[in-house]
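Report on the structure
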Amino acid sequence: GLEIRDRLAGRDEFTLIELDERYRRDRDARRNALRSADFAILCLPDEAARESVTLAEESDLRIIDASTAHRTDPQWTYGFAELTEGQRAAIAGADRVANPGCYAVAFIALVRPLVEAGLLAADARLAVHAASGYSGGGRAMIAEFEQSHPSAFRSYALGLDHKHLPEMQRHAGLAYPPLFSPAVVDAYRGMLVEIPLGQEILASGVRLDDLVPAYREHYATSRGVRVASPEEIDAMTQLAIEGCAESDRLDILVFANQRTGQARLCARLDNLGKGAAGSAVQNLNLMAGVDEHRGLRL
């Protein structure tokens, strides 16, 4: 929420409605504030987000929900503008938009173009490894890392049931959820998401050389998603998690070895940028009919 306010600062298209601190938990005050607004961006836990949607019923309020509550709900439009052709128009005309999850938007950005282009079968069984800055863990985790720096790398979701999985499967166009291995690292912000891919996983007749052209075609009209050139890839010897920190873009990088028939599909973003606030502001811009990238850090 604070990051969204930063991106809206100084913009004269919008006037923020603020509740005094003493009324923040007052149900009637919240209902009146919601119903007096044109747009609301919900930065709340799932149940509180659902309650806010209920409070706004029978009003003209248009909602962007940054929680997990509505990301697979068919009544809500998925708020990844670069998802597929026509998604920007769908968001622009929607009254209910579900903002993507940070891990999910990176995974979907890597997989959906390949499924749409027929390079990857929808029933492919995929693994995905990811690491995020600790700011994605909320107040308790931020305090833990900043006060004691407990670990440099912490793998979690060991029960293989992360809350982003339904969203990742549905919007990537897959028949099965991926095997997801997330981790948090001792960096405030930034995210790397990687899918290891063998030639045998691709559709028959598809070569590793076909991957980058498919991404370039899919994201040809996008300023927010950037596909690294072969020259950039050749010059890289490492990939830092902070590479997109403080920005609202998402980078796609394909590292491929033709001899071994293996590739690493990588997405790099800021978990608080394109993974959260940046997407929310982009969706708000589309819904309000202004330049979709206004106020973003690209």
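Residues numbered from 1 in each chain as written. Predicted model: local features only at pLDDT ≥ 70, side-chain atom pairs only at ≥ 80, totals over all residues. Heavy atoms only, no water.

This part covers the packing of aromatic side chains. What describes a pair of aromatic rings is the distance from one ring centre to the other and the angle between the planes of the rings. Tallied over the entire structure, the rule returns three aromatic pairs. Look at Tyr-134 and Phe-145: their rings are 5.0 Å apart centre to centre, the planes differ by 10°, and that puts the pair in the stacked class. You can see Tyr-134 sitting in the loop between strand 5 (127–133) and helix 6 (138–148) and its partner Phe-145 sitting in helix 6, a full eleven residues away along the chain. In this structure Tyr-134 comes out as buried when scored by relative accessible area, which is 6%. Consider the rings of Tyr-134 and Tyr-188, whose centres lie 5.6 Å apart with planes at 80°: the pair is edge-to-face. Separated by 54 residues along the polypeptide, Tyr-134 in the loop between strand 5 and helix 6 and Tyr-188 in the loop between strand 7 (179–185) and strand 8 (191–198) bring together distant segments of the chain. Grouping aromatic residues by their ring pairs yields a cluster made of Tyr-134, Phe-145 and Tyr-188. (Phe/Tyr/Trp six-rings, centres within 6.5 Å; stacked < 30°, edge-to-face > 60°. Helix = DSSP H or I, 4+ residues; strand = E, 2+ residues; numbered from the N terminus. Buried < 20%, exposed > 50% of the residue type's maximum accessible area, 1.4 Å probe, protein only.)

Turning to the pattern of salt bridges, a few remarks are in order. Taken as a whole and assessed by the stated rule, the structure comprises 27 salt bridges. Arg-27 serves as the salt-bridge partner of Glu-51, at 2.6 Å between the closest nitrogen and oxygen. Remark: Arg-27 occurs in helix 2 (residues 27–36) and Glu-51 occurs in helix 3 (residues 46–55); sequence separation between them is 24 residues. With relative accessibility at 38%, the residue Arg-27 sits in the partly exposed group. Salt bridges sharing partners connect three or more residues here, namely Glu-3, Arg-7, Arg-189, Glu-246, Asp-248, Asp-270 and Arg-297. (Salt bridge = Lys/Arg side-chain N within 4 Å of Asp/Glu carboxyl O.)

Pairing is parallel across the open sheet formed by four strands, whose spatial order is 1-2-4-3. Two strands bound the open sheet, and with one partner strand each, they are strand 1 (39–42) and strand 3 (77–78). In the sheet, strand 2 (residues 62–65) pairs with strand 4 (residues 96–98) via three bridges, with the strands oriented parallel. Bridge pairing in strand 4 links Ile-64 to Val-97. (Pairing = 2+ DSSP bridges.)

The next subject is the pairing of strand 1. What you see with strand 1 is a clean split: Ala-40 and Leu-42 sit on the buried side and Phe-39 and Ile-41 on the side with no burial. Viewed along the sheet, the connection from strand 1 through helix 3 into strand 2 turns out right-handed. (Right-handed = clockwise from strand over helix to strand, strands pointing away.)

This brings us to the environment of Thr-68. For Thr-68, the location among the structural elements is in the loop between strand 2 and strand 3. Exposure remark for Thr-68: the relative accessible area of 18% places this residue in the buried category. Setting aside residues up to four positions removed in sequence, Thr-68 forms contacts with Asp-46 and Lys-163. (Contact = heavy atoms within 4.5 Å.)

Right, let's talk about the packing of helix 5 (residues 102–116) against helix 7 (residues 165–172) for a bit. At their nearest, the axes of helix 5 and helix 7 sit 8 Å apart, and the two run at 25° to each other. In terms of their interaxial angle, helix 5 and helix 7 are classed as roughly parallel. Read as a crossing pair, helix 5 and helix 7 show a hand that is right-handed. Of helix 7, the residues touching helix 5 (which contributes Ala-104, Phe-107, Ile-108, Val-111, Arg-112 and Val-115) are Glu-167, Met-168, His-171 and Ala-172. Within the contact of helix 5 with helix 7, the residues separate by chemical class into seven nonpolar, one polar and two charged. (Axes fitted to C-alpha atoms, helices over the stretch in contact; angles between N-to-C directions. Parallel < 35°, antiparallel > 145°, perpendicular 65-115°, else oblique. Left-handed = near helix turned anticlockwise from the far one by under 90°. Nonpolar A, V, L, I, M, F, W, Y, C, P; charged D, E, K, R; others polar.)

Packed helices, taken two at a time, are described by the angle their axes make and the gap between the axes. One way to put it is that helix 5 packs onto helix 8 (residues 211–218) with a least axis distance of 9 Å and a crossing angle of 100°. Put simply, helix 5 runs roughly perpendicular to helix 8. Contact residues: Ala-109, Leu-110, Pro-113, Leu-114 and Glu-116 in helix 5; Leu-211, Ala-214, Tyr-215 and His-218 in helix 8. When grouped by side-chain class, the residues that make up the contact of helix 5 with helix 8 number seven nonpolar, one polar and one charged.

Our focus in this paragraph is the side chain of Glu-194. Its place among the elements puts Glu-194 in strand 8. Among the polar contacts made by the side chain of Glu-194, one reaches the side chain of Arg-264 at a distance of 2.5 Å. Residues within four places of Glu-194 in sequence aside, it is in contact with Ala-127, Val-128, His-129, Arg-264, Leu-265 and Cys-266. (Polar contact = N/O pair within 3.5 Å; in protein donor to acceptor, adjacent residues only side chain to side chain.)

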